[in-house]
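Take a look at the letters that make up each chain.
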Amino acid sequence: MIICDTREKANQRVLEYFRAQGIPYIEQKLETGDYMESESMDVTIDRKKNLGELLKNTCSQDKSRFWREIRRADRDGIRFIILCEHGGGFREIRDVARYRDKHSKVSGTELMHRMYAAHIAYGVEFVFCDKEDTGMEIAKILKRI
């Protein structure tokens, strides 16, 4: 069964996908990430709606909460996966170098370096998908399909 964090926002299309596919899920508070498999609890998925959200989490003044969550997962032996719904041809970390955010002075290259730092230091994995594939990607990662 997939656990969906109760604090996860705008996830109706993910839950609709789970229902349509007959994938069992429950909603409860998670200490790390937004989605976990209830049987093993050793993998967590933190969904990001786009690279702009990821940029805010990794590079803004309020980045400490994000990094604490990553360190907590690492300490607890939980594989931490960030699922970024950006789409538009972004499929791996190196693609992020060409990202531009009109609301930030942080370059795509700087964001890419932060992502590599999280990967190298804490084993954080980054998966990219289009918004319409999010439910399927979560189920695939958590081995529900």
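As a reminder, the structure under discussion sits directly above these lines.
Residues numbered from 1 in each chain as written. Predicted model: local features only at pLDDT ≥ 70, side-chain atom pairs only at ≥ 80, totals over all residues. Heavy atoms only, no water.

(A) Fine view of the overall build of the chain. A tally of helices and strands in the chain yields five helices and six strands. Computed over its C-alpha atoms, the radius of gyration of the chain comes to 15 Å, within 12% of the 15 Å expected for a compact globule of 145 residues. Considering only C-alpha atoms, the chain reaches an extent of 45 × 35 × 20 Å along its principal axes. Counting only contacts in the chain whose residues sit at least 6 apart along the sequence, the fraction spanning at least 24 positions is 65%. (Helix = DSSP H or I, 4+ residues; strand = E, 2+ residues; numbered from the N terminus. Rg over C-alpha atoms; globule rule 2.2 N^0.38 Å. Contact = heavy atoms within 4.5 Å.)

(B) Helix H2 (residues 51–59), seen in detail. For H2, a buried count of seven out of nine residues is recorded, marking the element as mostly surrounded by other parts of the structure. When we look at burial in H2, the residues that qualify are Leu51, Gly52, Leu54, Leu55, Asn57, Thr58 and Cys59. The secondary structure elements touched by the buried residues of H2 are strand S4 (43–48), helix H3 (64–75), strand S5 (79–84), helix H4 (108–122) and strand S6 (125–128). Of the residues that open H2, the one with a side-chain oxygen 3.0 Å from the backbone nitrogen of Gly52 is Asn50. (Buried < 20%, exposed > 50% of the residue type's maximum accessible area, 1.4 Å probe, protein only. Polar contact = N/O pair within 3.5 Å; in protein donor to acceptor, adjacent residues only side chain to side chain.)

(C) Region of interest: the environment of Met115. With respect to the helices and strands, the residue Met115 is situated in helix H4. Sequence-distant contacts of Met115, that is, excluding residues within four places in its chain, are made with Leu54, Ile93, Val96, Phe126 and Phe128.

(D) Spatial organisation of the pattern of salt bridges. The tally for this structure, following the rule as stated, stands at 13 salt bridges. The salt bridge partner of Lys29 is Glu31, with a shortest N-O separation of 3.7 Å. Both residues of the pair, Lys29 and Glu31, count as exposed. Residue Asp46 is joined to Lys48 by a salt bridge in which the shortest nitrogen-to-oxygen separation is 3.1 Å. Connected through shared salt-bridge partners, Glu8, Arg13, Arg47, Glu85 and Lys131 make up one network. (Salt bridge = Lys/Arg side-chain N within 4 Å of Asp/Glu carboxyl O.)

(E) Up close: the sheet that holds S4. Taken in spatial order, the six strands line up as S2-S1-S3-S4-S5-S6 in an open sheet, and their pairing is mixed. What marks the edges here is a single partner per strand, and that holds for strand S2 (25–27) and S6. Between one strand and the next, the sheet's axes are offset by a mean angle of 25°, whatever the strand orientation. Two elements, S4 and S5, share six bridges in a ladder whose sense is parallel. Bridge pairing in S5 places Arg47 opposite Leu83. (Pairing = 2+ DSSP bridges. Axes fitted to C-alpha atoms, helices over the stretch in contact; angles between N-to-C directions.)

(F) Representation of the layout of surface pockets within the structure. For the largest pocket, the calculated volume is near 720 Å³. Taken together, 26 residues make up the lining of the largest pocket; nearest its centre are Asp34, Asp46, Lys48, Glu53 and Arg65. Broken down by secondary-structure element, the contributors of at least two residues to the lining of the largest pocket are S4, H2 and H3. The leading source of residues in the lining of the largest pocket is H3, at five residues. Residue composition of the lining of the largest pocket, grouped by class: three nonpolar, three polar and 20 charged. What the second largest pocket holds in volume is close to 150 Å³. In this structure, the second largest pocket is lined by Lys49, Asn50, Gly52, Glu53, Leu55, Lys56, Cys59, Ser60, Asp101, His103, Ser104 and Val106. (1 Å grid on protein atoms, 1.4 Å probe; cavity = no way out; pocket = protein on both sides within 12 Å on 5 of 7 lines; lining within 4 Å. Points joined across faces, edges and corners; volume = space filled by probe spheres on them. Nonpolar A, V, L, I, M, F, W, Y, C, P; charged D, E, K, R; others polar.)

By themselves these figures say nothing about function.
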